[in-house]
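Architecture at a glance
As a plain string of letters, each chain reads:
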Amino acid sequence: MPLKGQVLERVLVRGFVRDASSNEAMPSATILADGKAVTLTDIRGYFQFEVAHEKHVVRASYIGYESEEKIVEPEADESKINLFFILKQVPIQSDSVVVLGEEVTTQKFGASVVSLSIPDMASVPRFAEPDPVRIMQTLPGVTSADFDFLAQLNIRGGSFDETLISLDGVPVYNPYHFGGWFSMVNSDLLKREDLYRSNYPPNMSGYLSGVLNMVSKDGTGERHKGIASLGVSSASLVAEGPMVGGTYVVGARRIWLDLVFNLIKQNTLPYYFYDVFAKYSLPIDQNNLLKISVFYSRDVLDPIKSYSLQSFAVNDYPHWANRLIRGGWNLFARSGISLEFSLYESRSQVQGNVQADYGSEGKKHLLMNNGITERAAQFEATMLGESSQTVLGASIKELAVDYSWDVEWSKFGDPVGLFFPRPSTFFDYADNAFRSDGYEKIIGFYGSHRFKIDQSVGGTLGFRADYVNRLSSFIVSPFMNVKMELTQEIDLWGAYGRYYQPLFAFKEAKKEVVFSAPYAIRFLASRDEEVSRSDHFSVGIRFNEIPFQCVMEIEGYYKERRNLPSSYFDSTAHYVFEDGYATGLDILLKRIEEPVSGWVGYSFSRSVKHGAGYDYFSSVDRTHSLKIVVGQRIAEWLRIDLFWTFATGVPYTDVTGKYVGTSVNQMYDESVVAPEWRPIEGRKNSARTIPYHRMDVGLTGSFVWGGLLFKPYLQVFNPYNAANPYLFDFKPNSSNENQRGSFIMPTFGVTAEF
């Protein structure tokens, strides 16, 4: 304790940030001291930092809220100052997307995370729907190594199944509508999303590459309000407001084209989807908060509408669906200790039971029942000190998989399996009939301690220990990072983390299928050699002030990877687990000030596997990737946004020859002369597709009419019609020159805020 009259050199500033309408804690609010961002609030809305013992201006800021400033002028012997900020919501004036960097995105575990603001996400040119998953493809280190329209993410050399995609911390498996074209979560439901491209904190586990967590709104306690949207593919409604002492958020979205076709008796659209969401938050008192949320999505396909059948029987139309349920209780103690308890269940399934008679082509059938379920309970305690933060937690998780199909129906899907899966959409070279199930229980303990050595150096030490019941073994995952403020304008950091993944997918064969996003299955590891593991090393530097009000971040990484699932097809299909590595450099230059805002991202990367006798590039490897996002308000009521990307090609296995085999028809009728051409493949992933480039353009207006704020938009995907071929047809007489993976795709619609 300082002596009376003693003049101190530093003072500890701490406090809370809350929503003025709901009195709810505001995590990830930015705290600035004298105009420089110094920290973010944690999950309780709490912050703390040290400054020189002199007068300062401290400001709390959050996207969509009016900032609040307070003057800090400590007495000579005053060592601590408490501040409380109450922020009010204001209309969004800018449609720019804000990307936050290391300085202002240090979370409670001290891990680097890139965040995107959600209220203005619609300003980024979209494909069909504003998509909170697809938008991450505009950041360095994130690619879509698959077909152009897919929303899947490949992060720093990892395949799509190596990234955890979650909603409020609940894992979402195969979270896509429309065969993977866009994600099933409506962006109007979200208040932010956080992306860990590597070195994610120890309260999350089970994924090799990274984490994308979408955080839903909590609702406003001030008044009822909402957003209604109508686009070319769907209509949606999101509402929020006060309810029975708490707040609510509800949302629903549905494709509308099938309803129009049915209304005009043109019954030709064999597909529809919908998703619904509801969340209720109840602050019992100032220190206790209860939350419960549910989410459900469903896609349904009628594969027989477009065909003339002699007879058919549909017991269950082919469909895929996701169901999420979560409940949580937060206790905010005055002693600097907070507790959080949560329970959740996540279920993803694909089902169908259809039989039909095609006359001369014979009878066809499809029986399918694939599902994966995850249930978990988690407890976490956070203890705050004057210059430290300690987190301890425990979790128990159950995983259950059950896969069964019998597919003998070539007419089910179009030539590329747009909506409905062929067996190989489940995993590479899968048989027409298959059955597998499994169960796993994982008990985990984790902890972290964030420390500060002096005013310019700090870091985090952490660990996670999981007991994997199926393997009867413990897996320990250490975690650490260190950050140094070299000067006021330059920050340095380094991080290390070890990760493992008990679920794996065999999805490497690009020629097999294109639209596999909602169907890909994951197997449970049954032995230690099937558990994928990775050590992540990263170092970075951030320049906080460079010309034109820009910020630059440069981060290099290296990931040693082991037991990676790989698929081969020689004369028969076989599956192995191989080692490899991924390394690269990501550069992000961003400007968030009007009138011109946006960012430029560049990535150099290598993703390599050690095969049998030779090394080869993984299926998601892209050597160079450049992305440019620019937005400008050209009038008070009109904004234009551009996105352009260029990337080198991805590897694929080339065909070096072909031979004539016996067709299925010849086996049963020798009079049939129908040679079947079969490819002879070369070394795995020894060729690359041509370089990829695309531009998207968007115009967004805004006007008030009848007391409502309307925002009409027009977006054009790939306006200069770049071909970007992704798959090549290796059949005789085929030409690669006419193939394409990109098309011009206009999108238009309107949103109304009330």
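Scroll up to find the structure.
Residues numbered from 1 in each chain as written. Predicted model: local features only at pLDDT ≥ 70, side-chain atom pairs only at ≥ 80, totals over all residues. Heavy atoms only, no water.

Secondary structure summary: the chain contains two helices and 48 strands in total. In the chain, which comprises 754 residues, the proportion classed as buried is 55%. Residue pairs at least 24 apart in sequence account for 65% of intrachain contacts in the chain once pairs closer than 6 positions are excluded. Carbon and sulfur atoms form 58% of the exposed surface of the chain, whose accessible area is close to 31,500 Å². (Helix = DSSP H or I, 4+ residues; strand = E, 2+ residues; numbered from the N terminus. Buried < 20%, exposed > 50% of the residue type's maximum accessible area, 1.4 Å probe, protein only. Contact = heavy atoms within 4.5 Å. Areas by Shrake-Rupley, 256 points an atom, 1.4 Å probe, with all protein chains shown as cover.)

Counting 48 residues, the largest nonpolar core has Tyr 200, Tyr 271, Trp 405, Phe 426, Phe 427 and Ile 521 as its most contacted members. Elements with a contribution of two residues or more to this core: β22 (271-285), β26 (363-384), β27 (389-408), β30 (473-485), β31 (490-501), β32 (503-504) and β33 (523-524). Looking at this core element by element, the count peaks at five residues for β27. Not counting residues within four places of it along the chain, the set of residues in contact with Trp 405 comprises Leu 367, Met 368, Asn 370, Pro 423, Phe 426, Phe 427, Ala 430, Asp 431, Asn 432, Ala 433, Phe 434 and Ile 521. Counting 34 residues, the second-largest nonpolar core is a separate cluster that includes Leu 153, Leu 189, Leu 324 and Phe 643. (Core = buried A, V, L, I, M, F, W, Y, C linked by side-chain atoms within 4.5 Å.)

Looking now at the pairing of strand β29 (residues 457-468). Within β29, nine of the 12 residues are buried, which leaves the element mostly enclosed by the surrounding structure. The pairing of strand β28 (residues 433-452) with β29 spans 11 bridges and is classified as antiparallel. By the bridge assignment for β29, Phe 445 is matched with Ala 465. Linking β28 back to β29 in an antiparallel pair, the connection comprises four residues. From the end of β29 to the start of β30, which pair antiparallel, there are four residues, and Ser 472 there has a positive phi angle of about 55°. (Pairing = 2+ DSSP bridges.)

Attention now moves to unusual backbone geometry. In this structure, Val 244 takes a positive phi of about 50° despite not being glycine. Residue position: Val 244 is located in the loop between β20 (234-243) and β21 (246-255). Here Asn 721, not a glycine, exhibits a phi torsion of approximately 60°, which is positive. Here Asn 721 is to be found in the loop between β47 (708-717) and β48 (745-753). Assessed through its relative accessible area of 33%, Asn 721 is described here as partly exposed.

This part is about the sheet that holds strand β2 (residues 30-33). Taken in spatial order, the four strands line up as β3-β2-β5-β7 in an open sheet, and their pairing is antiparallel. Both edges of this open sheet fall to β3 (36-40) and β7 (68-72), since each of them pairs with a single strand only. With direction set aside, neighbouring strand axes in the sheet form an average angle of 25°. Two strands pair when backbone bridges link them, and strand β5 (residues 56-61) and β7 are joined in this way by five bridges, in the antiparallel orientation. Residue pairing for β7: Arg 59 is matched across the bridge by Glu 69. (Axes fitted to C-alpha atoms, helices over the stretch in contact; angles between N-to-C directions.)

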